[in-house]
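# Structural description and commentary
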Amino acid sequence: MQFPTARPRRLRQTETLRRMVRETVLTKNDLIMPLFVAPGKGVKHEISAMPGNYHWSTDTILTEIEEMLKLGVRSTILFGLPESKDEIGTGAYHEHGIVQQGIRAIKARFPEMHVVTDVCMCEYTSHGHCGIIKGETVDNDPTLDLLARTALSHAEAGADMVAPSDMMDGRVAAIREALDRGGFAATPIMAYSAKYASAYYGPFRVAADSAPAFGDRRSYQMDPGNAREALRETELDVMEGADIVMVKPALAYMDIIYRVKEAFDLPVACYNVSGEFAMVKAAAANGWIDERRTVMETMLGFKRAGADVILTYHAKDVARWLDEER
Ligand code: PBG
Ligand code: ZN
């Protein structure tokens, strides 16, 4: 069939028809909203370069969780700003660490909120790297034990899922073993499998106070030029026991999302990171783009590329806009 018999425009004539034949749909179930937990009481401190995102203390965060639940955003991923930092990131795996306190506060009041935790060392180490330092570099194998302890302490505090973001080799296996031994065989691991060394993490590093004090993360996070290596990283995580695999960042790595989705049969997540969020917010604030349409189109793009789950700072707005679409 070809023109004039074939006329693709026939199915684009009304909104009802367009919706009927739409191949990809976005729902609130796809969303995970990142939140930052900080020490103290009564804290609600807006993060620069991330408008609408705050440092929350364990009391004020409950108001945000309540609002998210009302909007239908039922999952969060927690990041922590510890009271103090040291060489070995003690605050990451302390029973009463800031994230552990945050989990307990949230689950006590809102057990229905699905609480994921980011498992990494960089927010807790004085040097800001994602593992233990030996000489000039991050020492892989001794770091695994600390990551495993961190994940276990999150599960013990009530986390529903753990998400290692450090990019050490072998961390999924180490975490799986620690969770299983600790009685948490049912706790899923969402692995940041293909995480690139990216400039798009800029606003987050200010927000989480986690920029490396020396050097960069290129000896453990992936080189942006590599796609086949993303499949190898993902394969290793799958073999080690990952339940969900993640691609991060999302916008500049849609091809990676697509490839990972094609190659594996596990759910795929993507992280719409802080720099991607900040760009949209800045352009929208200048009146240069339509924020709502831009964000919704981007979210749809992630799903079309193959993402089942989207971690995004836009989650609350997206939920509101989905409600308005009905
Ligand atoms: C920690 C971590 C980072 C992000 C999530 N977990 C930053 C980094 O690797 O330096 C980035 C999130 C964002 O930019 O929104 N390893
Ligand atoms: Zn890190």
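Residues numbered from 1 in each chain as written. Chains lettered and ligands numbered in written order. Predicted model: local features only at pLDDT ≥ 70, side-chain atom pairs only at ≥ 80, totals over all residues. Heavy atoms only, no water.

Take the overall build of the protein next. A count of helical and extended segments in the protein gives 12 helices and 12 strands. The C-alpha atoms of the protein give 20 Å as radius of gyration, which agrees with the globular expectation for 326 residues (20 Å, within 12%). Considered along the principal axes of its C-alpha atoms, the protein spans approximately 70 × 45 × 40 Å. Across the 326 residues of the protein, 54% fall into the buried class. Considering only intrachain contacts with a sequence separation of at least 6, the fraction spanning at least 24 residues in the protein is 74%. Of the roughly 15000 Å² that the protein leaves accessible, carbon and sulfur atoms contribute 51%. One finds the centroid of the 38 positive side-chain charges in the protein at a distance of 8 Å from the centroid of its 46 negative side-chain charges. (Helix = DSSP H or I, 4+ residues; strand = E, 2+ residues; numbered from the N terminus. Rg over C-alpha atoms; globule rule 2.2 N^0.38 Å. Buried < 20%, exposed > 50% of the residue type's maximum accessible area, 1.4 Å probe, protein only. Contact = heavy atoms within 4.5 Å. Areas by Shrake-Rupley, 256 points an atom, 1.4 Å probe, with all protein chains shown as cover. Lys, Arg positive; Asp, Glu negative; His and termini not counted. Charge placed at Lys NZ, Arg CZ, Asp CG, Glu CD.)

A cluster of nonpolar residues, Leu 11, Met 20 and Val 21, forms a patch on the protein surface that exposes about 300 Å² of accessible area. Positionally, Met 20 belongs in helix H1 (residues 15-20). (Patch = residues over 30% accessible without salt bridge, like charges linked within 9 Å, V, L, I, M, F, W, Y side chains within 5 Å. Salt bridge = Lys/Arg side-chain N within 4 Å of Asp/Glu carboxyl O.)

Ideal coordination angles are 109.5 degrees for a metal with four donors arranged tetrahedrally and 90 or 180 degrees for a metal with six donors arranged octahedrally. Coordination of the zinc ion (ligand 2) by the protein comes from Cys 120 (SG), Cys 122 (SG) and Cys 130 (SG), over a distance range of 2.2 to 2.3 Å. Viewed at the metal, the 4 donor atoms of the zinc ion (ligand 2) are separated by angles of 99 to 121°, and the geometry they form is tetrahedral. Of note, the donors binding the zinc ion (ligand 2) are all from one chain and are spaced C-x1-C-x7-C. Of this pair, Cys 120 sits in the loop between strand S5 (114-119) and strand S6 (133-134) while Cys 130 is found in the loop between S5 and S6, placing the two residues 10 residues apart along the sequence. Neither Cys 120 nor Cys 130 differs from the other in exposure class; each is buried. (Donors = N, O, S within 2.8 Å, 3.2 Å for Na, K, Ca; no water. Tetrahedral: all angles 85-135°; square planar, octahedral: opposite > 155°, others 65-115°.)

Tracing the backbone shows Asp 118 in strand S5. Although Asp 118 lies buried, it forms no salt bridge, and the closest oppositely charged side chain, Lys 248, sits 5.6 Å away as judged by the N-O distance. Of note is the side chain of Asp 118, whose polar atom sits 3.0 Å from the side chain of Ser 165. Of note is the side chain of Asp 118, whose polar atom sits 2.7 Å from the side chain of Tyr 192. The contacts of Asp 118, once residues within four sequence positions are left out, are Ile 77, Leu 78, Phe 79, Glu 123, His 154, Ala 163, Ser 165 and Tyr 192. (Polar contact = N/O pair within 3.5 Å; in protein donor to acceptor, adjacent residues only side chain to side chain.)

Further remarks concern the site of ligand 1. Around ligand 1, a shell composed of 18 residues is seen, among which Lys 195, Arg 205, Lys 248, Ser 274 and Tyr 313 lie nearest. Take Ser 274: an N or O atom from its side chain is 2.7 Å from an oxygen atom of ligand 1. A total of 400 Å² of accessible area belongs to ligand 1 in isolation, and the protein chains cover 100% of it. Looking at the shell around ligand 1, its residues break down into 10 nonpolar, 3 polar and 5 charged. (Near = heavy atom within 4 Å. Nonpolar A, V, L, I, M, F, W, Y, C, P; charged D, E, K, R; others polar.)

Here we come to the packing of aromatic side chains. Enumeration according to the criterion identifies 8 aromatic pairs in this entry. Between the aromatic rings of Phe 36 and Phe 204, the centroid separation amounts to 5.6 Å while the plane-to-plane angle is 50°, which identifies the pairing as tilted. Of this pair, Phe 36 sits in strand S1 (residues 31-37) while Phe 204 sits in helix H7 (residues 202-207), and the two are 168 residues apart along the sequence. For the ring pair Tyr 271 and Tyr 313, a centre distance of 6.1 Å and an interplane angle of 45° mean the geometry is tilted. Placement of Tyr 271 in strand S11 (residues 268-272) and of Tyr 313 in the loop between strand S12 (309-312) and helix H12 (315-325) is noted, with a sequence separation of 42 residues between them. For Tyr 271, a relative accessible area of 2% puts it in the buried group. (Phe/Tyr/Trp six-rings, centres within 6.5 Å; stacked < 30°, edge-to-face > 60°.)

What follows is about the pairing of S1. Burial runs high along S1: 7 of the 7 residues are buried. Here S1 shows no split at all, with Leu 31, Met 33, Leu 35 and Val 37 on one side and Ile 32, Pro 34 and Phe 36 on the other all buried. Relative to S12, S1 runs parallel, the two being bridged by 2 bridges. The partner of Leu 31 across the bridge, within S12, is Ile 310. (Pairing = 2+ DSSP bridges.)

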